[in-house]
Amino acid sequence: MADFKIALIKGDGIGPEIVDGAVTVLDAVAKKYGHNFNYTEVDMGGCAIDKFGTPLPQETVDICKASDSVLLGAVGGPKWDNCKERPEKGLLGIRKALGLYSNLRPSILKKQLKDASPLKDEKLANGLDVMVVRELTGGIYFGERHTAEDGSWASDEEKYSVEEVKRIGKIAFETAMLRNKRVVSVDKANVLDSSKLWRKTMTELAKDYPEVTLTHMYVDNAAMQLAINPAQFDVIVTSNIFGDILSDLSSAIAGSIGMLPSASLGATKCGMYEPIHGSAPDIAGMDIANPIATIVSAAMMLEMSFGLSAEAKAINDAVDKVLDMGYRTTDIYSDGMKKIGCKEMAALIAENI
Ligand code: IPM
Ligand code: MG
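Residues numbered from 1 in each chain as written. Chains lettered and ligands numbered in written order. Predicted model: local features only at pLDDT ≥ 70, side-chain atom pairs only at ≥ 80, totals over all residues. Heavy atoms only, no water.

Describe the domain arrangement of the protein, naming the residues involved and giving the relevant values.
Each domain of the protein was delimited in the assignment, giving domain 1 (1-115 + 280-353) and domain 2 (118-253). In this assembly, 14 residues from domain 1 lie in contact with 22 residues from domain 2. At the boundary of domain 1 with domain 2, total buried surface from both sides reaches about 1900 Å², with 60% on carbon and sulfur atoms. The largest contributions to the domain 1 side of the interface with domain 2 come from Tyr101, Arg105 and Ser107, which together make up 37% of the buried area. Across the contact surface, domain 1 and domain 2 share nine residue pairs in polar contact (both at pLDDT 80 or more). Ranked by residues supplied to the side of domain 1 that touches domain 2, first place goes to strand 4 (residues 102-108) with seven residues. (Domains from an automatic or database assignment. Contact = heavy atoms within 4.5 Å. Buried area = accessible area lost by both parts, 1.4 Å probe. Polar contact = N/O pair within 3.5 Å; in protein donor to acceptor, adjacent residues only side chain to side chain. Helix = DSSP H or I, 4+ residues; strand = E, 2+ residues; numbered from the N terminus.)

Describe the environment of Arg145, naming the residues involved and giving the relevant values.
For Arg145, the position within the fold is in strand 6 (residues 145-147). A distance of 2.5 Å separates a polar side-chain atom of Arg145 from the backbone oxygen of Tyr141. Polar side-chain contacts of Arg145 include one of 2.8 Å to the side chain of Asp156.

Kindly report on the packing of aromatic side chains, identifying the contributing residues and their values.
Enumeration according to the criterion identifies five aromatic pairs in this entry. Centroid distance Phe4 to Phe306: 4.0 Å. Interplanar angle 10°. Geometry classified as stacked. Of the two residues, Phe4 is situated in strand 1 (residues 3-11) and Phe306 in the loop between helix 10 (292-304) and helix 11 (309-324); the sequence distance between them amounts to 302 residues. Each ring, one from Phe173 and one from Tyr209, has its centre 4.9 Å from the other, and the planes form 10°; the classification is stacked. Linking Phe173 in helix 6 (residues 162-177) with Tyr209 in the loop between helix 7 (193-206) and strand 9 (213-218), this pair joins segments that are 36 residues apart in sequence. Of the two residues, Phe173 and Tyr209, both sit in the buried class. Site record: aromatic cluster; members linked through ring pairs are Phe4, Phe37 and Phe306. Sitting over the face of the ring of Tyr101, Arg167 holds its NZ or CZ atom 4.2 Å from the ring centroid. Sitting above the plane of the Tyr333 ring, Lys339 keeps its charged end 4.7 Å from the centroid. (Phe/Tyr/Trp six-rings, centres within 6.5 Å; stacked < 30°, edge-to-face > 60°. Buried < 20%, exposed > 50% of the residue type's maximum accessible area, 1.4 Å probe, protein only. Lys NZ or Arg CZ within 6 Å of the ring centre and 35° of its normal.)

Which residues make up the site of ligand 1, and what values do they have?
Close to ligand 1 lie Glu88, Leu91, Arg95, Arg105, Arg134, Tyr141 and Asp244, which account for all nearby residues. Taking Arg105, its side chain carries an N or O atom lying 2.8 Å from an oxygen atom of ligand 1. Between ligand 1 and Arg134 there is a distance of 2.8 Å, counted from an oxygen atom to a side-chain nitrogen or oxygen. Expressed as a share of its isolated accessible area of 320 Å², the protein-covered part of ligand 1 is 76%. (Near = heavy atom within 4 Å. Areas by Shrake-Rupley, 256 points an atom, 1.4 Å probe, with all protein chains shown as cover.)

Explain the nonpolar core to me, using residue names and the numbers behind them.
The biggest cluster of nonpolar side chains holds 82 residues, and the ones touching the most others in it are Phe37, Phe173, Leu302 and Ile349. Here this core gathers at least three residues from each of two domains, domain 1 (1-115 + 280-353) and domain 2 (118-253). In this structure, Phe37 is in contact with Phe4, Ile6, Leu26, Val29, Ala30, Leu302, Phe306 and Leu308, ignoring residues within four places of it in sequence. Residues Leu91, Leu98, Leu100 and Met272 belong to the second largest nonpolar core, which totals 15 residues. (Core = buried A, V, L, I, M, F, W, Y, C linked by side-chain atoms within 4.5 Å.)

Explain the pattern of salt bridges residue by residue, including any values.
A complete count under the given rule lists 21 salt bridges for this structure. Taking the shortest distance from any N to any O, the salt bridge between Lys111 and Asp324 comes out at 3.7 Å. Of the two residues, Lys111 is situated in the loop between strand 4 and helix 5 (121-124) and Asp324 in helix 11; the sequence distance between them amounts to 213 residues. Overall, the relative accessible area of 65% leaves Lys111 in the exposed class. Across the pair Lys181 and Glu211 runs a salt bridge whose closest N-O atoms are separated by 3.9 Å. (Salt bridge = Lys/Arg side-chain N within 4 Å of Asp/Glu carboxyl O.)

Tell me about the packing of helix 8 (residues 219-228) against helix 9 (residues 240-253), residues and numbers included.
It is the contact of helix 8 with helix 9, at a shortest axis distance of 10 Å, that shows an interaxial angle of 10°. In terms of axis orientation, helix 8 runs roughly parallel to helix 9. When helix 8 is examined against helix 9, the residues Val219, Ala222, Ala223, Leu226 and Ala227 are found in contact with a partner set consisting of Phe242, Leu246, Leu249, Ser250 and Ile253. Of the residues belonging to the contact of helix 8 with helix 9, the class tally is nine nonpolar, one polar and no charged. (Axes fitted to C-alpha atoms, helices over the stretch in contact; angles between N-to-C directions. Parallel < 35°, antiparallel > 145°, perpendicular 65-115°, else oblique. Nonpolar A, V, L, I, M, F, W, Y, C, P; charged D, E, K, R; others polar.)

How would you explain the packing of helix 1 (residues 15-33) against helix 12 (residues 342-351) if you had to name every residue and give the values?
As a packed pair, helix 1 and helix 12 sit with axes 8 Å apart at the nearest point and diverge in direction by 15°. The pairing of helix 1 with helix 12 is recorded here as roughly parallel in orientation. Note on packing geometry: the crossing formed by helix 1 with helix 12 is right-handed. Here helix 1 contributes Glu17, Ile18, Gly21, Thr24, Val25 and Ala28 to the contact with helix 12, which in turn contributes Cys342, Ala346, Ala347, Ile349 and Ala350. Among the residues forming the contact of helix 1 with helix 12, the class breakdown is eight nonpolar, two polar and one charged. (Left-handed = near helix turned anticlockwise from the far one by under 90°.)

What follows is the structure, given as structure tokens:
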């Protein structure tokens, strides 16, 4: 029996529904295993702009820092497109404030969802089980930005230090040691200086991990390789922006972006866990969103931040069981399956804990 403090950032769009779904499942875990999960709801993103005039109130940062972990839904939406500070700024701000430099995004093709993948069966014959390790607090997301006063040009800076590359590289190699010991480092070293430094640093670091095979791939080729032979990848390590793009691609190959979790970690055990998809404002409040990505993000939180592996496994097994029974939300629906909503999906998973 243990006590954990969890900060909940429900956010915008479908955020509140999917976080509620994850809480339903966490409550079932708490009951079965005798834990205490204490939730504190905090605001970030568009809802925080509406309430406080800023996407990331200081109180949110303070409460997240004082928690054992943060569970996040999603932020953003067209409503705030013309605000001075966009909701996404809150997300980047909290990642930075908590020092969450490493973002782990696993994509696994579940046998139940083969039909939901856009790839042909032959391309999926060897499956897909890739971990994208995305650098999360550097690169072009945090470089200097300029827009000329007359609006005639704008620029964003991509900058990486050796230290930043090293620390994300370490995470990738250590992750690979627990998996199939293969790392593909993705860059654009045929053009960018920052990528040349990235490649050189990864090559140096690889010497500390003799059991791991490191290869390098240009990002354009990596995108193509993911589409034509996804099974070749074990761990992909890459920069903030390339990781953003490639993780959407790998999740689509796995059937739906609505299925995949992520963990953002830094130097401490306090991590932030969130689905990799966005706030989907077009379907907000309709009870048709897929809560599974957030539910399995909660499972990652139990395992990686709280050390509760059995409880995490119970969640993942319950998800599989409900999929085996044929239940599907709209995004992963195929003929002959039982279409259900967000609430019901979460309730069924909770029941099967
Ligand atoms: C993600 C999202 C964010 C990102 C956006 C919302 C700022 O796309 O987490 O992948 O680009 O990091
Ligand atoms: Mg993204």
